[in-house]
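A structural walkthrough
As a plain string of letters, each chain reads:
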Amino acid sequence: MDVNGTVAEGFEPVREVFARNFETLGDRGAAVAVYRDGRKVVDLWAGTRDIDGTEPWRHGTAQVVRSATKGVAAAVPLMLHQRGELDLDAPVAEYWPGFKARGKERVLVRHVLNHRAGLPVIDRPLTPEEALDPLKGPEAVAAQAPAWEPGTDHGYHALTYGWLLDELVRRVTGLGAGEWIAREIARPLGAEFWLGLPAEEEAAGRTGRVGRTEGPEPTGGLRARPKRSVTEAYDDPGSLTRRAFAAITPFPDQNAPAYRASALPATNGIATADGLARVYAALVGEIDGVRLFDPATVELARTEESAGPDRVLVVNTRFGLGYMLHGSASPFLGAGSFGHPGRGGSLGFADPETGIAFGYVTNGFRKTVTADPRAQALVRAVRAAL
């Protein structure tokens, strides 16, 4: 496999592992970028632009990053809080009066971010057409009764997270989360990240086609097969697990221009590896004069809010405010890291202690939910280089 790009001295093992991902772990097209203390030290890409094509991946090829979107979207409410525009301990209904129906008057803004709102499912899944309508998702969660007493337990809000966050941002700022990210995060940073791909970027062919890919079972400490309880949860149509991921049924075509142009803050961000890493670098440090989080907000992002058995993912998970934290379900660089994986492969995170910011994107989605072996191999290589 011909690997393109550069690595700084000392980070050569990342290039070696990246090439090995194609040779042994089934990658078809991918890129990885790493910043350290605001300086790019890894910028690599290889393979094909499309999962089902032959055109080469080029510098600047972007892909749908699924739930890695959540990590960038989470920066919006935290930045609004940092600016004094959003109270994390206020009831959601203080900003969104219609939300308090059916026992949700005690759902706080922080419960949305730490996955304790009790709203991982909706009783009637949205159709693809409804899901792309910015009004339908918020209307559905506003009409939904919680699956548990809000604030008392946690469970991953796989899709509903996006509708909750988007409407909160819209109520506070008058802009959807995608518009706010474009204006306040991506544009000032020069970061290639879009939540709602502009028509000119679609016409320019910036985004490759994604799809399913197979690879060998993970080894080297990663569980080769999920526990029986996890498998059963995904197989049971009545489980919170199955219903959470089926909140849109059937799921839209992720390669359709209409899907890429929409803004679903839980799942359809489009990014280059550099764009994802660059945002995280600006969360914990300065990039070309831009810093997004002050030190207090970094601590909010990575201070544990939820931990233990996850009612949806059926494994132990850890969350701060809007971010997954380093742990067995989603290993990052170290104990102080925070970020978010995307189901099937992509990953973005920051580690304030080392100054590392990491972004990995791929066009080949695997069955993994939180700890893809390709991304994890690259994380281990970064750790070894420090």
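Residues numbered from 1 in each chain as written. Predicted model: local features only at pLDDT ≥ 70, side-chain atom pairs only at ≥ 80, totals over all residues. Heavy atoms only, no water.

**A look at the overall build of the chain**
Within the chain one finds 16 helices and 14 strands. Seen through its C-alpha atoms, the chain measures out along the principal axes to roughly 55 × 45 × 40 Å. Per-residue burial over the chain gives 60% buried out of 386 residues. Of the contacts formed within the chain by residues at least 6 apart in sequence, a portion of 67% connects residues at least 24 apart. Of the side-chain charges in the chain, 44 are positive and 48 negative, and the distance between the mean point of each set is 4 Å. (Helix = DSSP H or I, 4+ residues; strand = E, 2+ residues; numbered from the N terminus. Buried < 20%, exposed > 50% of the residue type's maximum accessible area, 1.4 Å probe, protein only. Contact = heavy atoms within 4.5 Å. Lys, Arg positive; Asp, Glu negative; His and termini not counted. Charge placed at Lys NZ, Arg CZ, Asp CG, Glu CD.)

**Things to note about the sheet that holds strand β5 (residues 193-194)**
Pairing is antiparallel in the open sheet, where three strands are placed in the order β4-β7-β5. Pairing within the sheet leaves two strands with one partner each, and these edge strands are β4 (63-64) and β5. Relative to strand β7 (residues 270-271), β4 is paired through two bridges, and the arrangement is antiparallel. By the bridge assignment, glutamine 63 is partnered in β7 with alanine 271. (Pairing = 2+ DSSP bridges.)

**Let's talk about the nonpolar core**
Formed by 77 residues in total, the largest nonpolar core has its most connected members in Ile185, Leu189, Leu283, Leu292, Phe293, Tyr323 and Phe338. Take this core: its biggest share by element is nine residues, from helix α14 (residues 273-284). Grouped together as the second largest cluster of nonpolar side chains are 38 residues, Ala8, Phe332, Phe349 and Tyr360 included. (Core = buried A, V, L, I, M, F, W, Y, C linked by side-chain atoms within 4.5 Å.)

**Overview of the environment of aspartate 52**
In this structure, aspartate 52 sits in the loop between β3 (39-47) and β4. Owing to a relative accessible area of 53%, aspartate 52 belongs among the exposed residues under this scheme. With 158 residues separating them in the primary sequence, aspartate 52 and valine 210 have C-alpha atoms 8.1 Å apart. There is a polar contact of 3.3 Å between the side chain of aspartate 52 and the side chain of arginine 209. (Polar contact = N/O pair within 3.5 Å; in protein donor to acceptor, adjacent residues only side chain to side chain.)

**As for unusual backbone geometry**
Each neighbour pair has its own omega, and for threonine 249 with proline 250 the value is -10°, a cis peptide bond. Checked against the element boundaries, proline 250 lands in the loop between α12 (240-245) and α13 (257-261). Residue aspartate 37 is not a glycine yet carries a positive backbone phi of 50°. As for its position among the elements, aspartate 37 is in the loop between β2 (29-36) and β3. At arginine 66, a position not held by glycine, the phi torsion is positive, near 50°. Residue classification places arginine 66 among the buried positions, given a relative accessible area of 14%.

**Here we look at the confidence of the model for the chain**
Predicted confidence across the chain gives a mean pLDDT of 95, with 97% of residues reaching 70 or more. Below a pLDDT of 50 lies the segment residues 219-224, which in the model reaches six contacts outside its immediate sequence neighbourhood of four places, other chains included. (pLDDT = per-residue confidence, 0-100.)

**Looking at helix α1 (residues 12-24)**
For α1, with 13 residues, the first-to-last C-alpha span of 18 Å sits near the 18 Å given by 1.5 Å per residue. Buried residues of α1: Val14, Val17, Phe18, Ala19, Asn21 and Phe22, and no others. Looking one or two residues past α1, glycine 26 carries a phi angle of roughly 80°, positive in sign. (Expected span 1.5 Å × (residues − 1).)

**A short note on the packing of α1 against helix α16 (residues 373-385)**
Direction vectors running N to C along α1 and α16 enclose 165°, while the axes themselves pass 8 Å from each other. Our classification of the angle between α1 and α16 gives roughly antiparallel. Taken as a pair, α1 and α16 cross one another with a handedness that is right-handed. The residues of α16 that touch α1, namely those facing Pro13, Val14, Val17, Phe18 and Asn21, are Arg374, Ala377, Leu378, Ala381 and Val382. Residue classes in the contact of α1 with α16 are distributed as eight nonpolar, one polar and one charged. (Axes fitted to C-alpha atoms, helices over the stretch in contact; angles between N-to-C directions. Parallel < 35°, antiparallel > 145°, perpendicular 65-115°, else oblique. Left-handed = near helix turned anticlockwise from the far one by under 90°. Nonpolar A, V, L, I, M, F, W, Y, C, P; charged D, E, K, R; others polar.)

**A short note on the pattern of salt bridges**
Two side chains bearing opposite charge may form a pair once their charged atoms approach each other closely. On inspection of all chains with the given rule, the structure shows 23 salt bridges. Put simply, arginine 83 and glutamate 184 hold a salt bridge, and the shortest N to O gap is 3.2 Å. Separated by 101 residues along the polypeptide, arginine 83 in the loop between α3 (75-82) and α4 (92-95) and glutamate 184 in helix α9 (residues 177-189) bring together distant segments of the chain. The partly exposed category is assigned to arginine 83, whose relative accessible area is 41%. For the salt bridge of aspartate 89 with arginine 110, the shortest nitrogen-to-oxygen distance reads 2.6 Å. Of this pair, aspartate 89 sits in the loop between α3 and α4 while arginine 110 sits in helix α5 (residues 109-113), and the two are 21 residues apart along the sequence. (Salt bridge = Lys/Arg side-chain N within 4 Å of Asp/Glu carboxyl O.)

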